[in-house]
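Structural characterization, general
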Amino acid sequence: MSSSAATLGSRVRSLIERLDGEVEAAYAASGLDWRPRYTPVLRTLMGLGPTSIKAVAVEIGVSHSAVSQTVSQMARDGLVVLKPGKDARERIVVLTAKTEAMIPALQRQWAATNAAADQLDAELSAPLSAILGEAIEALNQCPFGERIAAAAAALAAPDPS
């Protein structure tokens, strides 16, 4: 893809595909049947213990729907079980013994991944981790949809000359 044709969205997707694909390959090379998208859920459950999908979503900072989809996939893979919560709609996510047994190997893989991320940050003009943090904070202050609407309005405004 030429840089002139690459949109912000396509660049972000390309970056995610490159990072997640290589991380998943590293898990496989280490004998781990694990997907990168499972890691934030696991780390949250390691910190909080069994908890609701809603609490996991809040902790990670993503939508309830996204966490629900990931947890459903993890349940199909035998990594978590879902138990009823306090009301009929709430589901509590609980790690299985299979996942508990994987944690030491996963932690070693996370350490290697973090070291590789630090190396990547050192090669860039600005650390990717810092830029991503700044971008998320800026979007928290003014969502991208608002920015698009403002830009569209400015482009549609009649030329004052």
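Structure first, text after, so check above.
In this report, we go over the structure that sits alongside the text. Note that this is a predicted model, so its numbers are computed, not measured.

1. Observations concerning the packing of aromatic side chains
Per the stated rule, a full pass over the model turns up 1 aromatic pair. Ring geometry for tryptophan 34 versus tyrosine 38: centroids 5.3 Å apart, planes at 85 degrees, classification edge-to-face. A relative accessible area of 2% places tryptophan 34 in the buried class. One Lys or Arg, arginine 43, reaches over the ring of tryptophan 110 and ends 4.5 Å from the middle of that ring.

2. Some points on the nonpolar core
One finds Trp34 and Leu106 to be the most contacted residues of the largest nonpolar core, which totals 22 residues. Element by element, the count of residues in this core is highest for helix H5 (residues 97-123), at 4 residues. Every residue in contact with tryptophan 34, bar those within four places of it in the chain, is listed here: Glu24, Tyr27, Thr39, Leu42, Met74, Leu79, Thr99, Met102 and Leu106.

3. Some points on the side chain of threonine 96
Within the secondary structure, threonine 96 is located in the loop between strand S3 (91-95) and H5. Within polar-contact distance, the side chain of threonine 96 engages the backbone oxygen of glycine 78 at 2.8 Å.

4. A look at the layout of surface pockets
What the largest pocket holds in volume is close to 2,000 Å³. Around the largest pocket, the lining is made up of 45 residues, and of these Leu15, Ile16, Leu19, Asp20 and Leu132 lie nearest the centre. Ranked by the residues each element gives to the lining of the largest pocket, the list is headed by helix H1 (residues 8-29), at 13 residues. Looking at the lining of the largest pocket, its residues break down into 28 nonpolar, 9 polar and 8 charged.

5. So, the sheet that holds S3
The strand order S1-S3-S2 describes an open sheet built from 3 strands, whose pairing is antiparallel. Lying at the two open borders of the sheet, with one neighbouring strand each, are strand S1 (51-52) and strand S2 (80-84). Docked against the sheet, helix H2 (residues 39-48) engages S1, S2 and S3, running at close to 90 degrees with respect to S3.

6. Remarks on helix H4 (residues 64-76)
Over its 13 residues, H4 runs 18 Å from end to end, which matches the ideal 18 Å to within 8%, given 1.5 Å per residue. Inspection of H4 places Val67, Ser68, Thr70, Val71, Gln73 and Met74 among the buried residues, and these make up the whole buried set. Contacts made by the buried residues of H4 are with H2, helix H3 (53-60), S2 and S3. Downstream of H4 by one or two residues, glycine 78 has phi in the positive range, about 75 degrees.

7. Quick look at the side chain of threonine 70
Here threonine 70 is to be found in helix H4. Take threonine 70: its relative accessible area is 6%, and that puts it in the buried class.

8. Focus: the pairing of S2
Here S2 runs beside S3; their pairing, made up of 5 bridges, is antiparallel. Looking across to S3, one finds that valine 80 is bridged to leucine 95. In this structure, the hairpin formed by S2 and S3 is closed by a connection of 6 residues.

About the criteria used
- Residues numbered from 1 in each chain as written.
- Predicted model: local features only at pLDDT ≥ 70, side-chain atom pairs only at ≥ 80, totals over all residues.
- Heavy atoms only, no water.
- Phe/Tyr/Trp six-rings, centres within 6.5 Å; stacked < 30°, edge-to-face > 60°.
- Buried < 20%, exposed > 50% of the residue type's maximum accessible area, 1.4 Å probe, protein only.
- Lys NZ or Arg CZ within 6 Å of the ring centre and 35° of its normal.
- Core = buried A, V, L, I, M, F, W, Y, C linked by side-chain atoms within 4.5 Å.
- Helix = DSSP H or I, 4+ residues; strand = E, 2+ residues; numbered from the N terminus.
- Contact = heavy atoms within 4.5 Å.
- Polar contact = N/O pair within 3.5 Å; in protein donor to acceptor, adjacent residues only side chain to side chain.
- 1 Å grid on protein atoms, 1.4 Å probe; cavity = no way out; pocket = protein on both sides within 12 Å on 5 of 7 lines; lining within 4 Å.
- Points joined across faces, edges and corners; volume = space filled by probe spheres on them.
- Nonpolar A, V, L, I, M, F, W, Y, C, P; charged D, E, K, R; others polar.
- Pairing = 2+ DSSP bridges.
- Axes fitted to C-alpha atoms, helices over the stretch in contact; angles between N-to-C directions.
- Expected span 1.5 Å × (residues − 1).

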